[in-house]
Amino acid sequence: MSTQEFLPEDALRAARHARSKARGVLGRFVGQLLALWGAIYLVMYGGGALGWLPPWAWAPIDLAGFAISFGLGARIGEAFRMTEGRRLRRIWAWLGVVMALAAFAFAFHGVEDPLFSFSVNLLVAYALVQSGEAIQRPGLVRGGLLLALVNSAFLAFWPGAYAPALAGMGLLALAAGLRQVVGRAL
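So, here is what we can say about the structure in this document.

Rules and cut-offs
Residues numbered from 1 in each chain as written. Predicted model: local features only at pLDDT ≥ 70, side-chain atom pairs only at ≥ 80, totals over all residues. Heavy atoms only, no water. Helix = DSSP H or I, 4+ residues; strand = E, 2+ residues; numbered from the N terminus. Buried < 20%, exposed > 50% of the residue type's maximum accessible area, 1.4 Å probe, protein only. Areas by Shrake-Rupley, 256 points an atom, 1.4 Å probe, with all protein chains shown as cover. Core = buried A, V, L, I, M, F, W, Y, C linked by side-chain atoms within 4.5 Å. Contact = heavy atoms within 4.5 Å. Polar contact = N/O pair within 3.5 Å; in protein donor to acceptor, adjacent residues only side chain to side chain. Patch = residues over 30% accessible without salt bridge, like charges linked within 9 Å, V, L, I, M, F, W, Y side chains within 5 Å. Salt bridge = Lys/Arg side-chain N within 4 Å of Asp/Glu carboxyl O. Phe/Tyr/Trp six-rings, centres within 6.5 Å; stacked < 30°, edge-to-face > 60°. Axes fitted to C-alpha atoms, helices over the stretch in contact; angles between N-to-C directions. Parallel < 35°, antiparallel > 145°, perpendicular 65-115°, else oblique. Lys, Arg positive; Asp, Glu negative; His and termini not counted. Charge placed at Lys NZ, Arg CZ, Asp CG, Glu CD.

**Observations regarding the overall build of the chain**
Tallying secondary structure elements over the chain gives six helices and zero strands in all. Its helices and strands taken in sequence order, the chain reads α-α-α-α-α-α from the N to the C terminus. For the chain, with 186 residues in total, the buried portion stands at 37%. A total of about 11,200 Å² of accessible surface is found on the chain, and carbon and sulfur atoms cover 70% of it.

Structure (structure tokens):
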């Protein structure tokens, strides 16, 4: 016998509604993260490529981005209780741990850009793919794969255009995030 036979139709409808609402919250959260980090990539890589952003500015911008990301995540605590939300939280928490360890090891051994950026961007691409799988968003999976491809291809074949290419990826993420957030608000 299935669970549906034991639950009244109203309870099933309420459960479906709660799950749908939580998925909407998670989707909006991911859209906000895409917009935030898309803007950061656009400013960091675009401003750096044009010489408008000094190298020392990257650290405070990244730290502000992480703080805002955690603030956004803290606002949706309820949605993180569902399976997809817990999985999404674990993906990004482990990404933070791995990125911190990689940054420490790279700094310890004097690894600099572009290898540092390349490694971080591959980790971010992987987290995007995993996030898309966790919340069943194929566009997020495609975005992560595109980031991995652009990151690898431009570093390997067109290193002089690496920063502008990642600024372009930032613009794409910003547009996708705004579309997701604004589209959900309408």
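Text resumes after the structure shown.
**Brief notes about the nonpolar core**
The biggest cluster of nonpolar side chains holds 31 residues, and the ones touching the most others in it are Val-124 and Leu-147. Mapped by element, the contributors of at least two residues to this core are helix 1 (9-49), helix 3 (83-108), helix 4 (115-134), helix 5 (138-157) and helix 6 (162-185). Here the element with the most residues in this core is helix 1; it accounts for eight residues. In contact with Leu-147, other than residues within four places in its own chain, are Asn-121, Val-124, Ala-125, Leu-128, Leu-166 and Met-169. In this structure, Leu-36, Ile-40, Met-44 and Ala-57 belong to the second largest nonpolar core, which totals six residues.

**Description of the side chain of Asn-121**
You can see Asn-121 is positioned in helix 4. The exposure class of Asn-121 is buried, given its relative accessible area of 1%. Among the polar contacts listed, one links the side chain of Asn-121 to the side chain of Tyr-45, at a separation of 3.1 Å. The contacts of Asn-121, once residues within four sequence positions are left out, are Tyr-41, Tyr-45, Leu-147, Asn-151, Tyr-162 and Leu-166.

**Digging into unusual backbone geometry**
Even without being glycine, Gln-136 reaches a positive phi, approximately 55°. Checked against the element boundaries, Gln-136 lands in the loop between helix 4 and helix 5.

**A closer look at a nonpolar patch on the surface**
The grouping of Leu-63, Phe-66 and Phe-70 at the surface amounts to a nonpolar patch, some 360 Å² of accessible area in total. Topologically, Phe-70 is positioned in helix 2 (residues 58-75).

**Structural notes on the packing of aromatic side chains**
The description of two aromatic rings rests on the distance between their centres and on the angle between their planes. Tallied over the full model, the rule gives eight aromatic pairs. Aromatic rings pair up to connect Tyr-41, Tyr-45, Trp-58 and Tyr-162 into one cluster.

**Description of the packing of helix 3 against helix 4**
Relative orientation of the contacting elements helix 3 and helix 4 amounts to 170°, with a least axis distance of 9 Å. It follows that helix 3 is roughly antiparallel to helix 4 by the angle criterion. Along its contact with helix 3, which presents Glu-84, Arg-87, Leu-88, Ile-91, Trp-92, Leu-95, Val-98, Met-99, Ala-103 and Phe-106, the element helix 4 presents Leu-115, Phe-116, Ser-119, Val-120, Leu-123, Val-124, Ala-127, Leu-128, Gln-130, Ser-131, Glu-133 and Ala-134.

**Focus: a positive patch on the surface**
On the surface, a cluster of positive charge is contributed by Arg-86, Arg-87, Arg-89 and Arg-90. Tracing the backbone through its elements, the reader meets Arg-86 in helix 3. Using a relative accessible area of 33% as the deciding quantity, one classes Arg-86 as partly exposed.

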